[in-house]
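Residue-level structural notes
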Amino acid sequence: MISFKKIQENNVNPITLFVLIIFTSFLIFLVNDRLFLYILVASFALLLFFSFKEFIKRIIIYLVMIGLVKLISMTNIGLTTNALIALLALGLRLYPIFNIGLALILTSPLKIMSALRKIKVTNNISIALVTALRYLGELRLRMKEIKNGMKVRGFRASVFRPVYSFELYLIPLIYKCLHISETLTSSIISRGIEYEGDKTSYRSIRFGLIDLVFIGIFTGILIAWRLT
């Protein structure tokens, strides 16, 4: 019997994730609520192949956002109410993209590079994409470190003091990003990224059953939208 952990080790091809992000980016604003629900469920199922912890966390955040929309809609504080509801509603609508994007961030940078190399994407574009994705993953960790450092020093961010709170995060984040850039540069150079010859990969990059299933699901949703 094939375990779920074994399936996770052979998860979705990065090219499939890029394709699904493109599909989702325009479908979520065109489809009706029923088809959007299918997209949302499919994005959660996709995320499950990468991290069960993130899967549970994302579901909780989504439910909390729905609860906030209902709670705010029961109050009446003028234009602020409508603005907050609109902002949360946009976040809920974009949630499938966030799920697929997180799956891409959780994918190994080396695997992404190998997949892009197979479809003949230039080295400059591949490096730019992988670096950007790596930064997004690192930013989550660095923001958590800054938050823990603030607690130790007795500082506390507050929505009622947005400028002060922004300053508490901005300065340490700039310093940490500069440090990350130096580390990434050294890592890229040490892996011989400037070498122009043929490169190989430790991992086998191919399209498998999981890729076909998810591409089939999103293609089916696209066809259903065109038929409605």
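Structure: above.
All of the points below concern the structure found in this document. Along every chain, residues carry numbers that run from 1 in the direction the sequence is written. Restriction of local features to residues with pLDDT of at least 70 applies here, the model being predicted, together with a cutoff of 80 or more for giving and counting side-chain atom pairs; totals for whole chains, interfaces and linings are based on all residues. With hydrogens and water excluded, all non-hydrogen atoms of the structure serve as input to the side-chain values.

1. Observations regarding the overall build of the protein
When helices and strands are tallied, the protein shows 10 helices and 0 strands. The secondary structure elements of the protein, listed N-terminal to C-terminal, are α-α-α-α-α-α-α-α-α-α. For every residue, the accessible area obtained with a 1.4 Å probe (protein chains only) is divided by the maximum for its type, and the residue is called buried under 20%, exposed over 50%, and partly exposed between those limits. Classification of the 228 residues of the protein by burial places 34% in the buried group. The contacts of the protein with a sequence gap of at least 6 include a subset with a gap of at least 24, amounting to 76%. Using a 1.4 Å probe, the Shrake-Rupley method yields the accessible areas, and only the shown protein chains count as cover for residues. If you sum the accessible surface of the protein, you get close to 15000 Å²; carbon and sulfur atoms cover 67% of it. Strands are runs of DSSP state E lasting at least two residues, helices are runs of H or I lasting at least four, and both sets are numbered from the N terminus onward. Two residues qualify as a contact provided that any one of their heavy atoms is within 4.5 Å of a heavy atom in the partner residue.

2. Some words on the pattern of salt bridges
Note on definitions: salt bridges are taken to be side-chain nitrogens of Lys or Arg within 4 Å of carboxyl oxygens of Asp or Glu. This model, assessed by the stated rule, comprises 2 salt bridges. With its nearest N and O atoms 3.6 Å apart, the salt bridge here joins D33 to R93. Of this pair, D33 sits in helix α3 (residues 33-48) while R93 sits in helix α5 (residues 79-93), placing them 60 residues apart in sequence. We note a salt bridge from E54 to K57, for which the minimum N-O separation is 3.7 Å. Of this pair, E54 and K57 both sit in helix α4 (residues 52-73), 3 residues apart, which is roughly one turn of that helix. What makes K57 partly exposed here is its relative accessible area of 36%.

3. Looking at helix α2 (residues 14-27)
Helix length check: α2 (14 residues) gives 20 Å between terminal C-alpha atoms against 20 Å at 1.5 Å per residue, within 8%. Among all positions in α2, only P14, I15, T16, L17, L20, I21, F23, T24 and L27 are buried. Looking at the buried residues of α2, the elements they touch are α3, α6 (95-105), α7 (109-118) and α10 (209-227). N or O atoms within 3.5 Å of each other form a polar contact, as long as, within protein, one can give a hydrogen and the other can take it, and as long as residues adjacent in sequence are counted only when both atoms are side-chain atoms. The N-capping residue of α2, defined by a side-chain oxygen 2.9 Å from the backbone nitrogen of I15, is N13. Take the residue count of a helix, subtract one, and multiply by 1.5 Å to get its expected span.

4. A look at the side chain of N99
By the secondary structure assignment, N99 is in helix α6. If sequence neighbours within four positions are ignored, N99 has contacts with L40, S43, F44, L47 and R58.

5. A look at the packing of α3 against α6
For the pair α3 and α6, interaxial distance at closest approach is 9 Å and the crossing angle is 20°. Between α3 and α6, the angle is such that the two are roughly parallel. For the element pair α3 and α6, the recorded crossing hand is left-handed. Contact residues: F36, I39, L40, S43, F44, L46 and L47 in α3; Y95, P96, N99, I100, L102 and A103 in α6. The residue makeup of the contact of α3 with α6, split by class, is 11 nonpolar, 2 polar and no charged. Axis angles are defined between N-to-C directions and span 0 to 180 degrees, where every axis is a line fitted to C-alpha atoms and, for a helix, only to the segment in contact. An angle counts as roughly parallel when it lies under 35 degrees, as roughly antiparallel when it exceeds 145, as roughly perpendicular when it falls between 65 and 115, and as oblique in every other case. Note on convention: near helix rotated counterclockwise from far helix by under a right angle means a left-handed crossing. Clockwise means right-handed. We call Asp, Glu, Lys and Arg charged. Ala, Val, Leu, Ile, Met, Phe, Trp, Tyr, Cys and Pro are nonpolar, and the rest, Gly among them, are polar.

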